[in-house]
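One-letter residues, chain by chain:
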Amino acid sequence: METSTKSKLIEVATELFAIKGFAAVSVRELTEAAQVNVSAISYYFNGKEGLYEAVLLEQLSPILQAIREVQKHNSSSPVERLTLYAGQIADVHAQRPFLHRFMFSEATNPTEYGGPIIEKHISQVYQFIFTALREGIAEGYFRKDLNVTYAAVSLVGILNFYFIAKQLVSKLFPLPEQGESEAEYVAHAFRVYLHGVINSSPPLETI
């Protein structure tokens, strides 16, 4: 019963917090939506703030799990590790359809309770990518003049911006309607990131 009550609160709180924002959601609204006693949030989470933190941790957990899974492949090259990680991003967002809302909200207007959690998780993602890029330079996979910091930040943005801005982007551009569009975007975006868009044999200029 205890587990089901906690799970139900996290489930309903995820949608309410994602759609309305932390400040706009009341304790009564949360408990009514979960159909539990009004004291349940204090009992299980020590208040609304604790529930919000629990929601964020639950939302972000697949990202760190993806990194841990990639790091198990100790023999893989830096390129392979980054490719494996990029390939899991679409799955992470599919598992957590509200994740992008929390990422955008806490990145642009961080709360006292959620900001540190987002920062901690993104920092671990950045460190994973930074390490792979630095190793890739040392092993000859990447250019020696690569700015590792900029490259790591760029990859984080490339892999997540689509999901954060998808609603707007879908109004402006003709996106595929099939269910695999997210995975296709991530795969294509990562290829562009790795290889760039410059043609290695550009057309000759006409005089």
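Residues numbered from 1 in each chain as written. Predicted model: local features only at pLDDT ≥ 70, side-chain atom pairs only at ≥ 80, totals over all residues. Heavy atoms only, no water.

Peer 1: Tell me about the overall build of the chain, residues and numbers included.
Peer 2: The number of helices and strands found in the chain is 10 helices and 0 strands. Secondary structure of the chain in N-to-C order comes out as α-α-α-α-α-α-α-α-α-α. Scored against the burial criterion, the 207 residues of the chain give a buried share of 38%. Looking at the chain alone, contacts between residues at least 24 apart form 65% of all its contacts between residues at least 6 apart. (Helix = DSSP H or I, 4+ residues; strand = E, 2+ residues; numbered from the N terminus. Buried < 20%, exposed > 50% of the residue type's maximum accessible area, 1.4 Å probe, protein only. Contact = heavy atoms within 4.5 Å.)

Peer 1: Please set out helix 2 (residues 27-34) residue by residue, giving values where relevant.
Peer 2: Helical periodicity: at 3.6 residues per turn, an α-helix aligns residues three or four positions apart in one direction. Of the residues making up helix 2, those classed as buried are Leu30, Thr31 and Ala34. The buried residues of helix 2 occupy an angular sector of 90 degrees when the element is viewed end-on, so they sit on one face. For helix 2, the exposed residues lying more than 90 degrees away from the buried face are Arg28 and Glu32. (Arc of directions from axis to C-beta.)

Peer 1: Any details on the environment of Ile63? Residues and values, ideally.
Peer 2: Among the structural elements, Ile63 can be located in helix 4 (residues 48-71). The exposure class assigned to Ile63 is buried, which follows from its relative accessible area of 9%. Here Ile63 is in contact with Tyr85, Val92, Leu99 and Val125, once residues within four sequence places are set aside.

Peer 1: Go over the packing of aromatic side chains with me, naming the residues and quoting the values.
Peer 2: Enumeration over the complete set of coordinates arrives at 11 aromatic pairs. When the centroid spacing of 5.2 Å and the interplanar angle of 90 degrees are considered together, the rings of Tyr162 and Phe163 count as edge-to-face. Judged by its relative accessible area of 7%, Tyr162 is buried. A relative accessible area of 7% means that Phe163 is categorised as buried. (Phe/Tyr/Trp six-rings, centres within 6.5 Å; stacked < 30°, edge-to-face > 60°.)

Peer 1: Talk me through the nonpolar core; I want residue IDs and the actual numbers.
Peer 2: Across soluble globular proteins, you tend to see nonpolar side chains buried next to one another. Counting 54 residues, the largest nonpolar core has Phe17, Leu30, Leu51, Leu82, Tyr85, Ile129 and Leu133 as its most contacted members. Considering every element that reaches this core, the biggest residue donor is helix 4, with 11 residues. Filtering out sequence-adjacent residues up to four positions away, Tyr85 remains in contact with Ile63, Ala66, Ile67, Val70, Val125, Phe128, Ile129 and Leu159. (Core = buried A, V, L, I, M, F, W, Y, C linked by side-chain atoms within 4.5 Å.)

Peer 1: Go over the pattern of salt bridges, please, and point to the residues and values.
Peer 2: Note that side chains of opposite charge can pair when their charged atoms are close. Tallied over the entire structure, the rule returns 5 salt bridges. One salt bridge in this structure joins Lys20 and Glu29, with 2.8 Å as the shortest N-O distance. Residue Lys20 is classed as partly exposed on the basis of its relative accessible area, which comes to 40%. For Asp145, the salt bridge goes to Arg143, with nearest N and O atoms at 2.9 Å. (Salt bridge = Lys/Arg side-chain N within 4 Å of Asp/Glu carboxyl O.)

Peer 1: Would you mind going over the side chain of Glu106 in detail, with residue names and values included?
Peer 2: Structurally, Glu106 is set in helix 6 (residues 99-108). Among the polar contacts made by the side chain of Glu106, one reaches the main-chain amide nitrogen of Gly115 at a distance of 3.1 Å. If we ignore the near neighbours within four places in the chain, the residues touching Glu106 are Tyr52, Thr111, Gly114, Gly115 and Ile118. (Polar contact = N/O pair within 3.5 Å; in protein donor to acceptor, adjacent residues only side chain to side chain.)

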